Amino acid sequence: MKDPCENSAENEPEEEVKAAAGDFSEIAEAEKGSVADSDSDFETEGTLGLGEVVKDTLYLGFCQAFNVVPVSCFLRQENAAELSLRHRGLGPQGAQALASMLTSNPYIKRLDLRDNGLCVAGAEALADVLSKNSSISDVDLSENQFGAPGVQALCAALTVNQAVQKMKLAGNGLEEQAAKYLADLLLVHTGLKSLDLSYNQLNDQAGETLGPALAENTGLTELDISWNHLRGPGAIAFARGLEANIFLKVLDISYNGFGDLGALAVAEALKVNNVLEELNMSNNRIFAAGALSLGMDLRVNQTLRILVDIEVNRKFDDLASSVKVILPGLCIKKGAQREQYPQGSAPK
């Protein structure tokens, strides 16, 4: 099967794009006869004001320049607070056409482009948008095959413009190189409150990179790094980052490979951390020794409210019961199950 990202760099000439954004009167005349016969799913609904006509015509011009089919629901949502175009098959060129219209859009607060095969070229186009648009604060770019180059562009943009508070980058094939760009972002973007890095390939080297950044981060309150490959020294380094962090309230590290040593490091972190409220660490190859260490150190922690843990034995059950005497508000969920992610994979 052909990789949709293979030819993402083969974009239309820049001159054509400039022509699409040229003088409105020329574009309008060109589009009068072409919109009705277009192969797009665009349907004009009601009477639009002149401003809307201008924007719609410009978008159609960009789509023509990039040789992509316009997305009708964008024309219906361009003045709404949320633009949801997930699973639309936009591709890199579709993202570039869309990005041309988003840079100065003051209405959209939440942008959902999940599963569109945007690839690196699409990430770069959206990075340009996010570096300039101060209205968009919630972005879902999961399942778009960005890899490290795409994340590099996005992280650079978020460093310049820190309007984005919530970012989802699940299922983008991110590995240790991408972790370097993410770590740099965590060190400077204090406005980023929620980050989803689940269903990637972040390994032990990535953990060693992200751990110190997590320790220094002063803004993130929710982090999902489940379904990755954090294990060994990387899991321990990440746990040490948790120990020093004083902002994170919700953490999901399930479906990694922390093991007993990683569980011990998390237990040590929970003795010191007095901020974290919810922790999911199920399915991490943690056996009795690690579970008992975790249970013992929970006696010291006073802030954790919800713990989604591993399958446990009678000994841990007894220990958990004694912990709940000390912390009656603590909710311990055992052996949590999650649906399989279509493009992800469990830890090897």
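Keep in mind the model is a prediction, meaning the values are calculated, not measured.

1. Focus: the overall build of the protein chain
In step 1: In terms of regular secondary structure, the protein chain is built from 13 helices and ten strands.
In step 2: Relative to its 348 residues, the protein chain shows a buried fraction of 52%.
In step 3: About 15500 Å² of surface is accessible on the protein chain, with carbon and sulfur atoms providing 51% of the total.

2. Observations regarding unusual backbone geometry
In step 1: The phi dihedral of asparagine 67 is positive, around 60°, even though this residue is not glycine.
In step 2: As for its placement among the helices and strands, asparagine 67 is situated in the loop between helix H3 (50-66) and helix H4 (72-77).
In step 3: A positive phi angle, close to 60°, is found at cysteine 119, a residue other than glycine.
In step 4: Inspection of the secondary structure puts cysteine 119 in helix H6 (residues 119-130).
In step 5: Cysteine 119 sits in the buried class, given a relative accessible area of 0%.

3. Here's the deal with the pattern of salt bridges
In step 1: Evaluated as defined, the whole model comprises eleven salt bridges.
In step 2: Among the salt bridges present, the one from arginine 110 reaches glutamate 82, with a minimum N-O distance of 2.9 Å. Residue arginine 110 is found in strand E2 (residues 110-112), and its partner glutamate 82 is found in strand E1 (residues 82-84); the two are separated by 28 residues along the sequence.
In step 3: What makes glutamate 82 partly exposed here is its relative accessible area of 38%.
In step 4: Lysine 271 is paired through a salt bridge with glutamate 268; the nearest N and O atoms lie 3.6 Å apart. Of this pair, lysine 271 and glutamate 268 both sit in helix H11 (residues 259-272), three residues apart, which is roughly one turn of the helix.

4. Some remarks on the state of the cysteines
In step 1: The tally for this structure, following the rule as stated, stands at one disulfide.
In step 2: One disulfide bridge connects cysteine 5 with cysteine 119, the sulfur atoms lying 1.7 Å from each other. A torsion of -85° about the S-S bond marks the disulfide between cysteine 5 and cysteine 119 as left-handed. Of this pair, cysteine 5 sits in the segment before helix H1 (14-20) while cysteine 119 sits in helix H6, placing them 114 residues apart in sequence.
In step 3: Cysteine 5 gets classed as buried once you look at its relative accessible area, which sits at 16%.

5. Structural notes on empty space enclosed by the protein
In step 1: What the rule picks out here adds up to one cavity of 30 Å³ or more.
In step 2: Lining the largest cavity are Leu186, Leu197, Leu210, Leu214, Leu223, Ile225 and Phe238.

6. Quick look at the environment of glutamate 176
In step 1: Relative to the elements of secondary structure, glutamate 176 occurs in helix H8 (residues 176-188).
In step 2: Considered as a pair, glutamate 176 and asparagine 203 are 27 residues apart in the sequence and their alpha carbons are 6.5 Å apart.
In step 3: Excluding anything up to four places from it in sequence, glutamate 176 contacts Asn203, Gln205 and Ala206.

Basis of the calculations
Residues numbered from 1 in each chain as written. Predicted model: local features only at pLDDT ≥ 70, side-chain atom pairs only at ≥ 80, totals over all residues. Heavy atoms only, no water. Helix = DSSP H or I, 4+ residues; strand = E, 2+ residues; numbered from the N terminus. Buried < 20%, exposed > 50% of the residue type's maximum accessible area, 1.4 Å probe, protein only. Areas by Shrake-Rupley, 256 points an atom, 1.4 Å probe, with all protein chains shown as cover. Salt bridge = Lys/Arg side-chain N within 4 Å of Asp/Glu carboxyl O. Disulfide = S-S within 2.5 Å. 1 Å grid on protein atoms, 1.4 Å probe; cavity = no way out; pocket = protein on both sides within 12 Å on 5 of 7 lines; lining within 4 Å. Points joined across faces, edges and corners; volume = space filled by probe spheres on them. Contact = heavy atoms within 4.5 Å.

From the geometry alone we can't say anything about function, so treat these as descriptive.
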